[in-house]
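# Structural description and commentary
Listed here are the chains, written in short residue letters.
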Amino acid sequence: MTTKPVLLTEAEIEQLHLEVGRSSLMGKTIAANAKDLEAFMRLPIDVPGHGEAGGYEHNRHKQNYTYMNLAGRMFLITKEQKYADFVTELLEEYADKYLTFDYHVQKNTNPTGRLFHQILNEHCWLMFSSLAYSCVASTLTQEQRDNIESRIFEPMLEMFTVKYAHDFDRIHNHGIWAVAAVGICGLALGKREYLEMSVYGIDRNDTGGFLAQVSQLFAPSGYYMEGPYYHRYAIRPTCVFAEVIHRHMPEVDIYNYKGGVIGNTVQAMLATAYPNGEFPALNDASRTMGITDMGVQVAVSVYSKHYSSENGVDQNILGMAKIQDAVWMHPCGLELSKAYEAASAEKEIGMPFWPSVELNEGPQGHNGAQGFIRMQDKKGDVSQLVMNYGQHGMGHGNFDTLGISFFNRGQEVLREYGFCRWVNVEPKFGGRYLDENKSYARQTIAHNAVTIDEKCQNNFDVERADAVHGLPHFFKVEDEQINGMSAFANDHYEGFDMQRSVFMLNLEELESPLLLDLYRLDSEKGGEGEHQFDYSHQYQGQIVRTNFEYQANKELNTLGEDFGYQHLWNVASGEVKGTALVSWLQNNTYYTWLGATSNDNAEVIFTRTGANDPSFNLRSEPAFILRSKGETTLFASVVETHGYFNEEFEQSVNARGVVKDIKVVAHTNVGSVVEITTEKSNVTVMISNQLGATDSTEHKVELNGKVYSWTGFYSVETTLNPELAEQGK
């Protein structure tokens with residue numbers, strides 16, 4: 001039997017061999033991989049038994065498959081036998097031990113494997129190890145191949161497709177890894193039926209398999225329903241297996257499947273990232289995962305090969321390659337490396353700048369959307385505003401529809417908490433999700449949103465949350481002065497309609513775009529009576545000043561008893577008359593928030609996480625809440641970015657902002673009107689509250705004999721501050 005590499009032809013291997021020792025991106029990638037690989041190869045071969053999630057045994061199995069995958073390709077590219085010998089020796093050690101391991105003793109919510117506490121990790125092991133095996137199998141004796149195949153790969157295939165058949169076709173990131181692993185392993189063993197099973201599902205009826213995965217998990221826009229963190233995890237098997245299908249089942253035409261969803265999803269993933277390259281922590285997510293992740297590198301290389309236009313590789317893709325300073329060690333990566341080399345010879349490659357984008361959600365794109373608005377200031381710094389008005393995100397979804405985050409000057413200002421887990425910190429439940437992930441991090445109060453009556457959206461019911469979604473109202477980014485988006489969430493709290501409209505305003509007198517946020521709650525569907533509305537802001541930094549008196553609590557009590565409130569210390573609070581101001585310093589920048597409500601009662605509460613947390617699983621982080629009570633309300637606020645502070649040089653500039661006030665003028669079912677006062681101007685913003693409105697819809701709101709009218713979704717009117725006008729300024 002003669003086997004061939006699953007992902008490389010002889011001609012492609014020769015082309016990659018020519019890159020060894022070169023200073024190209026591919027040459028540097030090969031050199032970096034060789035350095036890392038050889039350092040690992042100097043360690044004794046070790047195939048450990050069971051260990052806790054995140055512990056030595058878990059990580060060693062992960063390292064073993066990672067470096068086998070590299071070594072297989074390094075053997076072909078460099079033609080050095082030592083790499084093949086390393087793969088062979090390690091696989092033979094696994095062949096001796098694998099079937100002696102019982103199923104893992106650490107039970108998890110997912111089925112266990114023989115190596116790992118959940119079969120997801122075993123899927124990863126199989127995919128990478130199968131790729132490595134396909135690269136070196138031709139150098140092995142028949143006896144060696146029989147031993148490895150019968151004692152590792154065939155038992156794994158049986159486990160995944162028979163013992164755990166019920167989990168194989170699961171529509172989830174676990175399912176993508178499962179089908180990729182089984183399909184690739186089948187090819188490596190010459191068992192093509194496993195490839196077909198992986199593409200079309202066990203029953204070949206379109207309810208499972210890779211095509212069902214990419215059809216249901218990725219919207220036409222390319223957005224992945226579990227959020228960017230899980231997107232970058234799912235993108236690697238998605239792109240690797242797409243390349244396998246492209247080569248071995250060309251009749252599927254995978255790169256054009258579902259309107260080119262593979263290319264769309266790469267673009268969508270990159271378009272979600274903050275300007276510093278990190279992904280917003282939408283749904284369960286790490287706060288530090290970014291575009292240099294290896295899965296993203298693979299995706300960028302695949303995109304450059306299969307989705308480049310006649311004019312060559314997209315400039316943003318070249319900019320991504322510049323940041324990553326590496327490519328996938330594969331012919332797709334070589335294509336990108338050559339394009340980068342040619343473009344660099346003509347001019348310096350610029351950094352990527354992704355435009356504002358609204359990414360629809362759901363298999364047909366009808367389940368709401370995620371909005372990403374970017375705007376530059378006079379110095380070129382990019383502010384980014386993110387709002388979630390899509391679908392829940394299955395088991396990894398957070399209950400935060402209409403939640404926002406805001407980023408500028410290299411930092412997240414209105415922040416996402418992210419998940420409650422400590423990845424690979426084995427004393428913290430093996431780095432798995434902690435109980436506080438459900439009791440706090442996923443709750444509505446943990447996000448920058450409004451919580452009604454101290455309850456969570458959808459009452460923290462995943463099934464109910466998966467059945468509803470946000471309703472996009474408008475997404476407008478054509479104007480240099482104002483960019484904005486608006487959406488409704490009318491099924492997330494019983495008896496209430498919610499609408500949020502957020503804008504970035506470029507005003508001449510401001511240093512950076514001003515964040516304007518309007519959050520409207522309407523109880524006309526049956527939520528009569530007084531209700532409590534908590535408008536929460538997660539920030540980081542040191543409070544500098546307020547414009548109201550507050551009382552610090554000498555004895556701390558929790559803010560509530562359930563739905564995340566039990567984890568919040570009530571640190572301080574104060575009543576507010578009119579507009580509240582809270583200003584804080586985050587690193588070198590000042591931020592001033594001004595907030596008002598349409599009701600005549602308001603209170604600001606300062607909180608900190610950490611209550612009812614005996615194991616210290618939560619990070620201790622501050623927030624402030626603007627609380628209002630009534631049958632309905634409109635919250636209106638702005639966040640101004642201003643000034644500079646340098647502790648080393650004891651320098652502080654513009655510690656107070658120029659925005660002086662914001663007030664709610666009116667809000668009806670037709671529209672809302674708010675006024676912003678700065679040192680020099682009065683800015684009136686009028687926003688449509690009519691779901692189904694268009695650019696030509698006429699709106700009119702009357703208050704005390706004054707009529708506010710406009711056409712379209714919103715209108716902005718700026719006038720000189722009357723006091724300045726009187727002075728002739």
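Residues numbered from 1 in each chain as written. Predicted model: local features only at pLDDT ≥ 70, side-chain atom pairs only at ≥ 80, totals over all residues. Heavy atoms only, no water.

As annotated in an unreviewed UniProt entry, the chain carries the name Chondroitin lyase and comes from Vibrio coralliirubri. UniProt, in the comment section headed Subcellular location (unreviewed entry), describes the chain in these words: "Periplasm". (UniProt positions renumbered as here; feature names shortened; annotations may be inferred.)

This next bit is on empty space enclosed by the protein. Applying the stated criterion across every chain yields a total of five cavities of 30 Å³ or more. Lining the largest cavity are 16 residues, and of these Leu7, Asn69, Arg73, Leu131 and Trp328 sit closest to its centre. Contributing elements (two or more residues each) for the lining of the largest cavity: helix H3 (56–78), helix H5 (119–136) and helix H11 (228–248). Among the elements that line the lining of the largest cavity, the one with the most residues is H5, at five residues. Partitioning the lining of the largest cavity into residue classes produces eleven nonpolar, three polar and two charged. (1 Å grid on protein atoms, 1.4 Å probe; cavity = no way out; pocket = protein on both sides within 12 Å on 5 of 7 lines; lining within 4 Å. Points joined across faces, edges and corners; volume = space filled by probe spheres on them. Helix = DSSP H or I, 4+ residues; strand = E, 2+ residues; numbered from the N terminus. Nonpolar A, V, L, I, M, F, W, Y, C, P; charged D, E, K, R; others polar.)

Sheet architecture is open: five strands sit in the order E1-E2-E3-E4-E5, paired in antiparallel fashion. Among the strands making up the open sheet, the edge pair consists of strand E1 (357–360) and strand E5 (411–414). Going across the sheet, the axis of each strand differs from the next one's by a mean of 20°, ignoring polarity. Here strand E3 (residues 382–389) pairs with strand E4 (residues 404–408) via four bridges, running antiparallel. By the bridge assignment for E4, Gln384 is matched with Phe407. Helix H12 (residues 257–272) contacts E1, strand E2 (369–376) and E3 of the sheet and is inclined by roughly 55° relative to E2. (Pairing = 2+ DSSP bridges. Axes fitted to C-alpha atoms, helices over the stretch in contact; angles between N-to-C directions. Contact = heavy atoms within 4.5 Å.)

What follows deals with the packing of helix H4 (residues 81–97) against helix H6 (residues 142–163). Interhelical geometry of H4 versus H6 gives an angle of 50° and a closest axis separation of 8 Å. Between H4 and H6, the angle is such that the two are oblique. The handedness of the crossing between H4 and H6 comes out as left-handed. In this structure, H4 uses Thr88, Leu91, Glu92, Tyr94, Ala95 and Asp96 to contact H6, whose residues at the interface are Gln144, Asn147, Ile148, Arg151, Ile152 and Phe153. Among the residues forming the contact of H4 with H6, the class breakdown is six nonpolar, three polar and three charged. (Parallel < 35°, antiparallel > 145°, perpendicular 65-115°, else oblique. Left-handed = near helix turned anticlockwise from the far one by under 90°.)

We now examine the layout of surface pockets. Empty space among the atoms becomes visible once a probe the size of a water molecule is rolled across them. A volume near 340 Å³ is recorded for the second largest pocket. Contributing to the lining of the second largest pocket are 20 residues, with Tyr274, Pro275, Asn276, Gly277 and Ile323 lying nearest its centre. Residue composition of the lining of the second largest pocket, grouped by class: twelve nonpolar, five polar and three charged.

Time to look at the pattern of salt bridges. Where charged atoms from two side chains of opposite charge approach closely, those side chains can pair. Tallied over the full model, the rule gives 24 salt bridges. The partner of Arg247 in a salt bridge is Glu12, with the nearest N and O atoms 2.9 Å apart. Here the residue Arg247 occupies a position in helix H11, and Glu12 occupies one in helix H1 (residues 10–17), the gap between them amounting to 235 residues. A salt bridge links Arg192 to Glu196, with the nearest nitrogen and oxygen atoms 3.8 Å apart. One end of the pair, Arg192, and the other, Glu196, are both in helix H9 (residues 192–200), four residues apart, so they sit about a helical turn from each other. Residues joined in a network through salt bridges with shared partners are Glu12, Glu243 and Arg247. (Salt bridge = Lys/Arg side-chain N within 4 Å of Asp/Glu carboxyl O.)

Right, let's get into the environment of Ile323. By the secondary structure assignment, Ile323 is in helix H14 (residues 315–324). In this structure the C-alpha to C-alpha distance between Ile323 and Glu603, which are 280 residues apart in sequence, comes to 45 Å. Those residues in contact with Ile323 that sit more than four places away from it in its chain are Ile291, Thr292, Met351 and Pro352.

Buried residues dominate strand E15 (residues 580–586), accounting for seven of its seven residues. Going residue by residue along E15, you find Ala580, Val582, Trp584 and Gln586 tucked away on one face and Leu581, Ser583 and Leu585 tucked away on the opposite face as well. Inspection of the sheet shows strand E12 (residues 542–546) paired to E15 by four bridges, in the antiparallel sense. Within E15, the position partnered with Thr546 by the bridge is Val582. Strand direction decides the pairing type here: E15 and strand E16 (residues 589–597), joined by seven bridges, are antiparallel. Paired with Leu585 across the bridge in E16 is Tyr590. Counting the residues that bridge the hairpin from E15 to E16 gives two residues, and of these Asn587 lies at a positive phi of roughly 55°. (Buried < 20%, exposed > 50% of the residue type's maximum accessible area, 1.4 Å probe, protein only.)

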